[in-house]
Structure formats: structure tokens, C-alpha cells
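Inside the fold
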Amino acid sequence: MSNLRFVKQVKSTSAVSTIKVEDCFSADYDIYQVSIFDTQYGPTNTDTASLRVRFINSSGSSITTLYDAMNMNMKADATKDEDKFQSGAYLYSPLVIGNYENAGGMMYIYNPFSSSCHTVMTGEGAGGYDVSSNRGRSSKCAGFCKHLVSVTGIELYPGNASNTFQATVTVHGLRVDS
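My aim in this report is to walk through the structure given alongside it, one point at a time. (Residues numbered from 1 in each chain as written. Predicted model: local features only at pLDDT ≥ 70, side-chain atom pairs only at ≥ 80, totals over all residues. Heavy atoms only, no water.)

A look at the overall build of the protein
A count of helices and strands for the protein gives zero helices and twelve strands. Shown N-terminal to C-terminal, the secondary structure of the protein runs as helices and strands in the order β-β-β-β-β-β-β-β-β-β-β-β. Burial analysis of the protein (178 residues in total) assigns 43% to the buried set. For the protein, restricting intrachain contacts to residue pairs at least 6 apart in sequence, the fraction spanning at least 24 positions comes to 73%. Counting every atom, the protein has about 8,600 Å² of accessible surface; 48% of that belongs to carbon and sulfur. (Helix = DSSP H or I, 4+ residues; strand = E, 2+ residues; numbered from the N terminus. Buried < 20%, exposed > 50% of the residue type's maximum accessible area, 1.4 Å probe, protein only. Contact = heavy atoms within 4.5 Å. Areas by Shrake-Rupley, 256 points an atom, 1.4 Å probe, with all protein chains shown as cover.)

Brief notes about the pattern of salt bridges
For the structure on display, the rule yields five salt bridges. One salt bridge in this structure joins Lys75 and Asp81, with 2.7 Å as the shortest N-O distance. The exposure class assigned to Asp81 is partly exposed, which follows from its relative accessible area of 36%. (Salt bridge = Lys/Arg side-chain N within 4 Å of Asp/Glu carboxyl O.)

Regarding the nonpolar core
By size, the foremost hydrophobic cluster in this structure holds 36 residues, and its most contacted members are Phe25, Phe55, Met107, Ile109 and Ile154. Discounting residues that sit within four places of it in the chain, Ile109 has contacts with Phe25, Asp30, Ile31, Tyr32, Val34, Phe55, Thr119, Val120, Met121 and Ile154. (Core = buried A, V, L, I, M, F, W, Y, C linked by side-chain atoms within 4.5 Å.)

Thoughts on the pairing of strand 8 (residues 104–110)
Side chains Gly105, Met107 and Ile109 project from strand 8 onto a buried face, and the interleaved Gly104, Met106, Tyr108 and Tyr110 project onto a face without burial. Pairing of strand 3 (residues 31–41) with strand 8, which is carried by six bridges, proceeds in the antiparallel orientation. What sits directly across from Val34, in strand 8, is Met107. (Pairing = 2+ DSSP bridges.)

Examining the environment of Ala27
As for its placement among the helices and strands, Ala27 is situated in the loop between strand 2 (19–21) and strand 3. Residues Ala27 and Ser114, spaced 87 residues apart in sequence, show a C-alpha to C-alpha distance of 7.5 Å.

As for the packing of aromatic side chains
Under the counting rule described, the total for this entry stands at six aromatic pairs. Centre to centre, the rings of Phe85 and Tyr90 are 5.1 Å apart; their planes meet at 65°, and the pair counts as edge-to-face. Of the residues examined, Tyr90 reaches a relative accessible area of 14% and is grouped as buried. Measuring from centroid to centroid gives 5.5 Å for Phe85 and Tyr92, while their planes differ by 55°, and the two rings are tilted. With respect to burial, Phe85 and Tyr92 carry one shared label: buried. Put simply, the rings of Phe25, Tyr29 and Tyr32 pair up and form one aromatic cluster. Across from the ring centre of Tyr90, 3.9 Å away, lies the NZ or CZ of Arg52, which sits over that ring. (Phe/Tyr/Trp six-rings, centres within 6.5 Å; stacked < 30°, edge-to-face > 60°. Lys NZ or Arg CZ within 6 Å of the ring centre and 35° of its normal.)

Concerning the side chain of Asn71
Mapped onto the secondary structure, Asn71 falls in strand 5 (residues 67–75). Judged by relative accessible area, Asn71 falls into the buried class, the value being 13%.

Next comes the structure, spelled out in C-alpha cells:
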């Protein structure tokens, strides 16, 4: 029997600028797996959609401050990119969506519901853009929210506000047997 327990799934059926998965974290689990797949890129965009992550607090508002984050983006066609920051407005997601339209990734969220410890996220994924030039990407990311609040959901949105995307986001709780 699997230790993963299905919690919630949200699927966008058209190009959107934000996907919110609300009321998916609770006291039932300390660790959650968030899978992102079935991605599609906004058809009128000419750039990639590099998704970002924000947590949603127990009153339903997005937390927009005090994130520490790091990201490494490995490329098929060039040198890797690395980035990090403190006290930012978001976390990196492990996805770069482009005209490959097959990006996917997985994040683990640790202790989101507890207001006595920081919510931590780790992730990895792959995607790409510019099929003719083989611009594949693989990414690893990690970070945490410095607010000591109960987190009940997650929000995904592109770094460039003019980009849109479609995706399916599935949340599973990780059961730990004693």
C-alpha cells in the first residue's frame, strides 16, 4: 500500500495567469507531494513561462513577502543558471514551460499547516522551449517562507505577468507509519 494519499487536484481547462490549490494542506500530514503535469504554454506568447510559487495562508490570502529561495536551471544548450535571494516575494517552481508543452515537476512541502515552524519547499522538474534548437531544461529548487503561519494552499503563476499556461496540479499527503 502506498504511503501517498490523494488530497486534491486542480486542472486548468484554458490558459490562465494563476492556478491556486486552496485548502489542500491540513494537520493530517506534515509532508505533501505536489505534482505539476499536463502543461501547455499560452499560444500567443513568445517567451517561456517560468512558474513561481506562493503559499496561501489560512484566511485564503497569498503570502507575498519573506521567502528565501534558490534555483539551479540546467540547460541542454548552454551553461547552467543559478540564482538565490533572501526575503523575496515568491519561491521558484521546478518548471519552465515553453513550446515543448510537456513540462512536469514535483515539489515537496514540509510542515505547511504548523504555525510554529517555517514552511519549506524542495522541487525538481524538466521542460523546455524552442524545439528546433533543443533548449531543454532541468531544474532543482528549494526555499522556505519566513512567516510562522498556517499554510493551507499553494499558488502557481508565471514570472512574466503577460504569460499564460495550463497545467494539472495534484496534491498528495505523505503518510508516515510509526
